[in-house]
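Observations on the three-dimensional arrangement
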Amino acid sequence: MLTSSRLIPIVVLGLVWPTAWCLGQSTEAGSSIRVDTHTHLTLTVPGERGSRPRDLSETERARLFRSAAEQFVRELDALGIRTAIVMPPPQKPGLPPISNDEEILEVVKHFPGRLAAAVGGDSLNEMIHGTAPDQVTAAVRARFEERVASLVEGGARAFGEMSAMHLSLGRGHAYEE
């Protein structure tokens, strides 16, 4: 059982995140841990920002994600970061994903305690942006809640990256209007 003395709050943009509780990790009183709270593992075409590979099999995508995650964990080790929260970028309907909820959930299973999944930026975000506020019916809400439940069952520790409007600071971002 976790007690408040075993929680270490991480302050990010004014939000307190009880990281040890969220990730199921305990720490000694007075110690600190480093957590990367916002990481994307994505598949893009080298040299082509925002370009999404379209002709990869699921097996090849999984192999590439696993390889990227292995490299990323080595970088975490070099920086002294214990854990990273990995999430897909928010997706717009109709674009092939550069990563998706299932890929993130699958890859973090290979790195327990090191990588945690914050998902929904793929599927939930599309539901949010694809449904006008006056079109939210009981059936739409039920589909959303079913998806949330399946993500939690699949290993989600949080939900992200979700957006009402995403600030795009670089050219070629999927949410550039």
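Reference entry: report on the structure contained in this document. Just so you know, these numbers come straight off a predicted model, no measurement behind them.

Conventions and cut-offs
Residues numbered from 1 in each chain as written. Predicted model: local features only at pLDDT ≥ 70, side-chain atom pairs only at ≥ 80, totals over all residues. Heavy atoms only, no water. Helix = DSSP H or I, 4+ residues; strand = E, 2+ residues; numbered from the N terminus. Buried < 20%, exposed > 50% of the residue type's maximum accessible area, 1.4 Å probe, protein only. Patch = residues over 30% accessible without salt bridge, like charges linked within 9 Å, V, L, I, M, F, W, Y side chains within 5 Å. Areas by Shrake-Rupley, 256 points an atom, 1.4 Å probe, with all protein chains shown as cover. Salt bridge = Lys/Arg side-chain N within 4 Å of Asp/Glu carboxyl O. Axes fitted to C-alpha atoms, helices over the stretch in contact; angles between N-to-C directions. Parallel < 35°, antiparallel > 145°, perpendicular 65-115°, else oblique. Left-handed = near helix turned anticlockwise from the far one by under 90°. Contact = heavy atoms within 4.5 Å. Nonpolar A, V, L, I, M, F, W, Y, C, P; charged D, E, K, R; others polar. Pairing = 2+ DSSP bridges.

Some thoughts on the side chain of E103
Mapped onto the fold, E103 is located in helix α3 (residues 101–108). Given a relative accessible area of 13%, E103 falls into the buried group.

A short note on a nonpolar patch on the surface
The grouping of I128, V152, F159 and M162 at the surface amounts to a nonpolar patch, some 320 Å² of accessible area in total. Note that I128 resides in helix α4 (residues 123–130). Residue I128 is classed as partly exposed on the basis of its relative accessible area, which comes to 40%.

What about the packing of α4 against helix α5 (residues 138–153)?
It is at 10 Å that the axes of α4 and α5 come closest, and there the two elements cross at 165 degrees. On the basis of their axis angle, the class for α4 and α5 is roughly antiparallel. Crossing of α4 over α5 shows left-handed handedness. Residues S123, L124, M127 and I128 of α4 form the contact with α5, whose own contacting residues are R143, F144, R147, V148 and L151. For the contact of α4 with α5, the class distribution of residues is six nonpolar, one polar and two charged.

Some points on the pairing of strand β5 (residues 115–120)
The element β5 is largely enclosed, with a buried count of six among its six residues. With burial as the criterion, each face of β5 is covered, one bearing L115, A117 and V119 and the other bearing A116, A118 and G120. With three bridges connecting them, strand β4 (residues 83–86) and β5 associate as parallel partners. When the sheet's bridge partners are listed, A84 is paired in β5 with L115.

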